Amino acid sequence: MNGTMEIAVTAGWPGDALDRLRERYTVRVREKETLLDEEALAAFIGGAHAAMTILADPVTDGVMAACPNLRIVANVAVGYNNVDLEAAARRGIWVTNTPDVLTEATADLAWALILAVTRRVVEGDRMVREGRFHGWRPDLLLGRGLQGRTLGLLGYGRIGRAVARRGRAFGMTVLFHDPGVLAGEAGDRQVGLDALLAGSDVLSIHCPLTPSTRGLLGRERLRAMRPGAFLVNTARGPVVDEGALVEALESGHLAGAGLDVYEREPEVHPGLLDRQDVVLLPHAGSATVETRSRMVELAAENVVAVLEGRPPRTPVGGRSTA
Ligand code: GLV
């Protein structure tokens, strides 16, 4: 029992991981659903020794400066672009993420979007509900088939490779572009970015948001995509210039887009909202009961390790790189 150590958790999570932490620590969970800005985040973490954060929490240098006891920021997400790693390292604070446990769920959701947008699933659902289904017709709701087509992956890490495996099962050829990877699995082929854009019938984004991927798919690169291609993004919104994407859809250059993430989340570019060729989800890549429970369990394990003076299981930076 260590009633003096305090853990600030910025959102409620499914599963019993937080209850297990409560047996040994003081755990404060923020139940409000509104997003926190830096000031509110710093005020919430306050004197806690550990913070379990969500991907929308801006864990800046200023926040860390205002939280003098903080030893670990356990971001309950695989992405950690919301955390200032350099500042954490300087301040001796561990930063951890939740890799692996969400790979399959996120790959499934990327595929839900690929199928939804190429086969017009949401549009069809609206048609039926709105009483516009007047009987079978040979030309009703024609989409695009995937067999024999090329799936392009911008990013070929854990999630990209899981999306590739599903692509092969759908009879697709897989190309990828990932400067950090040497070889593809099972015939998946690495190509340059230009070749990826020109060669993909479906381009799915699976890279982290970093200074070099921010805005990577701007107007010119979207124009360089294969005419009639589909764009799917389950990674981070700012990799794509949303205004340029709207233009590429409006001009008919791209056939559709499936988006789970947005450039200025939770805002969505108004030009996307009334398009039938776009499927929009509310950043739900890892949103299954099983996966969210495993994410918070892994984050809790990292917190316990650090509070007990051991290195965490899945560090991404901060103290580990200091
Ligand atoms: C979700 O976007 C995550 O990074 O886990």
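It should be emphasised that the depicted structure is a prediction, and the values quoted were computed from it without experimental measurement. (Residues numbered from 1 in each chain as written. Predicted model: local features only at pLDDT ≥ 70, side-chain atom pairs only at ≥ 80, totals over all residues. Heavy atoms only, no water.)

Further remarks concern the site of the ligand. Residues in close proximity to the ligand include Leu55, Ala77, Val78, Gly79, Leu102, Arg236 and His283, which together make up its full environment. Take valine 78: an N or O atom from its main chain is 2.8 Å from an oxygen atom of the ligand. Within the side chain of histidine 283, one N or O atom sits 2.6 Å away from an oxygen atom of the ligand. Protein chains shield 89% of the accessible area of the ligand, which is 200 Å² for the free molecule. Partitioning the shell around the ligand into residue classes produces 4 nonpolar, 2 polar and 1 charged. (Near = heavy atom within 4 Å. Polar contact = N/O pair within 3.5 Å; in protein donor to acceptor, adjacent residues only side chain to side chain. Areas by Shrake-Rupley, 256 points an atom, 1.4 Å probe, with all protein chains shown as cover. Nonpolar A, V, L, I, M, F, W, Y, C, P; charged D, E, K, R; others polar.)

Looking now at the packing of aromatic side chains. One pass over the full model with this rule turns up 2 aromatic pairs. Ring plane angle 10 degrees and centroid distance 4.5 Å describe the contact between tryptophan 111 and phenylalanine 170, whose orientation is recorded as stacked. Separated by 59 residues along the polypeptide, tryptophan 111 in helix H5 (residues 103-118) and phenylalanine 170 in the loop between helix H7 (158-169) and strand S7 (173-177) bring together distant segments of the chain. On the basis of relative accessible area, tryptophan 111 is assigned to the buried category, the value being 4%. Between tyrosine 156 and phenylalanine 176, the ring centres sit 3.7 Å apart and the planes meet at 10 degrees, which makes this aromatic pair stacked. Placement of the pair is tyrosine 156 in the loop between strand S6 (150-154) and H7 and phenylalanine 176 in strand S7, with a sequence separation of 20 residues. For phenylalanine 176, a relative accessible area of 0% gives the class buried. Taking the ring centre of phenylalanine 44 as reference, the NZ or CZ of arginine 28 above it sits at 5.0 Å. (Phe/Tyr/Trp six-rings, centres within 6.5 Å; stacked < 30°, edge-to-face > 60°. Helix = DSSP H or I, 4+ residues; strand = E, 2+ residues; numbered from the N terminus. Buried < 20%, exposed > 50% of the residue type's maximum accessible area, 1.4 Å probe, protein only. Lys NZ or Arg CZ within 6 Å of the ring centre and 35° of its normal.)

Our focus in this paragraph is the domain arrangement of the protein chain. The assigned domain composition of the protein chain is domain 1 (2-101 + 289-321) and domain 2 (103-280). Spacing between the C-alpha centres of domain 1 and domain 2 amounts to 32 Å. Here domain 1 meets domain 2 over a buried area of about 660 Å², counting both sides, of which 50% is carbon and sulfur. For the domain 1 face of the interface with domain 2, the top three residues by lost area are Leu55, Asn81 and Asp100, together amounting to 55%. With a closest N to O distance of 3.8 Å, aspartate 100 and arginine 158 form a salt bridge. Our count for the contact surface shared by domain 1 and domain 2 stands at 2 residue pairs in polar contact (both at pLDDT 80 or more). Class assignment of the residues belonging to the side of domain 1 that touches domain 2 gives a composition of 5 nonpolar, 3 polar and 1 charged. (Domains from an automatic or database assignment. Buried area = accessible area lost by both parts, 1.4 Å probe. Salt bridge = Lys/Arg side-chain N within 4 Å of Asp/Glu carboxyl O.)

The next thing to look at is the sheet that holds strand S12 (residues 278-280). Strands sit in the order S8-S7-S6-S9-S10-S11-S12 across an open sheet of 7 strands; the sheet is parallel. The open sheet has two free edges, formed respectively by strand S8 (189-190) and S12, since each of these has just one partner strand. Where S6 lies against strand S9 (residues 202-205), 4 bridges are found, and the strand directions are parallel. Paired with leucine 151 across the strands is valine 202, a residue of S9. Sitting on the sheet, helix H10 (residues 242-250) touches strand S10 (229-233), strand S11 (254-259) and S12, and the angle it makes with S11 is about 140 degrees. (Pairing = 2+ DSSP bridges. Contact = heavy atoms within 4.5 Å. Axes fitted to C-alpha atoms, helices over the stretch in contact; angles between N-to-C directions.)

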